Amino acid sequence: CDHSYDTQVEKAFAEIAAQTSGRLDILVNNAWQDPGARDPKTDALLSKGAKFYELPLEVWDDVHRVGLRSHYVASYYAAPLLRKAATPQW
């Protein structure tokens, strides 16, 4: 799924829950967005070693929306499944 869209992440965890009886043993948050993928100009700036203040401000938004916020969103939807997996079955 595309981790820049919360609804896709939510749907992915709903599918995981349906396939695993609502259990998840581990979550690896490893989503990231290449800031150079924004546009050719940004890619060229990064290739030349541009300083952060030489880049468009939107680069910060892209990197943090996917590289940071999406980790929180995935953890949010994974937490109930992780908790269920950690509960002993008697």
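**Q** Teacher, can you tell me more about the pattern of salt bridges here?
**A** Proximity of charged atoms lets side chains of opposite charge pair with each other. Taken as a whole, this structure holds two salt bridges when the rule is applied. Put simply, Arg65 and Asp62 hold a salt bridge, and the shortest N to O gap is 3.3 Å. With Arg65 and Asp62 both in helix 3 (residues 58-86), this residue pair falls three residues apart, about one helical turn.

**Q** Before we go on, may I ask you to explain unusual backbone geometry in this structure?
**A** The phi torsion of most residues other than glycine is negative, and most of the peptide bonds are trans. Despite not being glycine, Ser21 shows a phi value in the positive range, around 55°. By the element assignment, Ser21 lies in the loop between helix 1 (6-19) and helix 2 (40-47).

**Q** How should I be thinking about the packing of helix 1 against helix 3 in this particular structure?
**A** When two helices pack together, their arrangement is captured by the angle between the axes and the distance separating the axes. Here helix 1 crosses helix 3 at 25°, and the two axes come no closer than 10 Å. As far as their axial angle goes, helix 3 and helix 1 are roughly parallel. The hand of the helix 1/helix 3 crossing is right-handed. Residues Asp6, Val9, Glu10, Phe13, Ile16 and Ala17 of helix 1 touch helix 3, and the partners they reach there are Arg69, Val73, Ala74, Tyr77, Ala78 and Leu81. Of the residues belonging to the contact of helix 1 with helix 3, the class tally is nine nonpolar, no polar and three charged.

Definitions and cut-offs
- Residues numbered from 1 in each chain as written.
- Predicted model: local features only at pLDDT ≥ 70, side-chain atom pairs only at ≥ 80, totals over all residues.
- Heavy atoms only, no water.
- Salt bridge = Lys/Arg side-chain N within 4 Å of Asp/Glu carboxyl O.
- Helix = DSSP H or I, 4+ residues; strand = E, 2+ residues; numbered from the N terminus.
- Axes fitted to C-alpha atoms, helices over the stretch in contact; angles between N-to-C directions.
- Parallel < 35°, antiparallel > 145°, perpendicular 65-115°, else oblique.
- Left-handed = near helix turned anticlockwise from the far one by under 90°.
- Contact = heavy atoms within 4.5 Å.
- Nonpolar A, V, L, I, M, F, W, Y, C, P; charged D, E, K, R; others polar.

In short, shape yes, function no, at least from these values alone.
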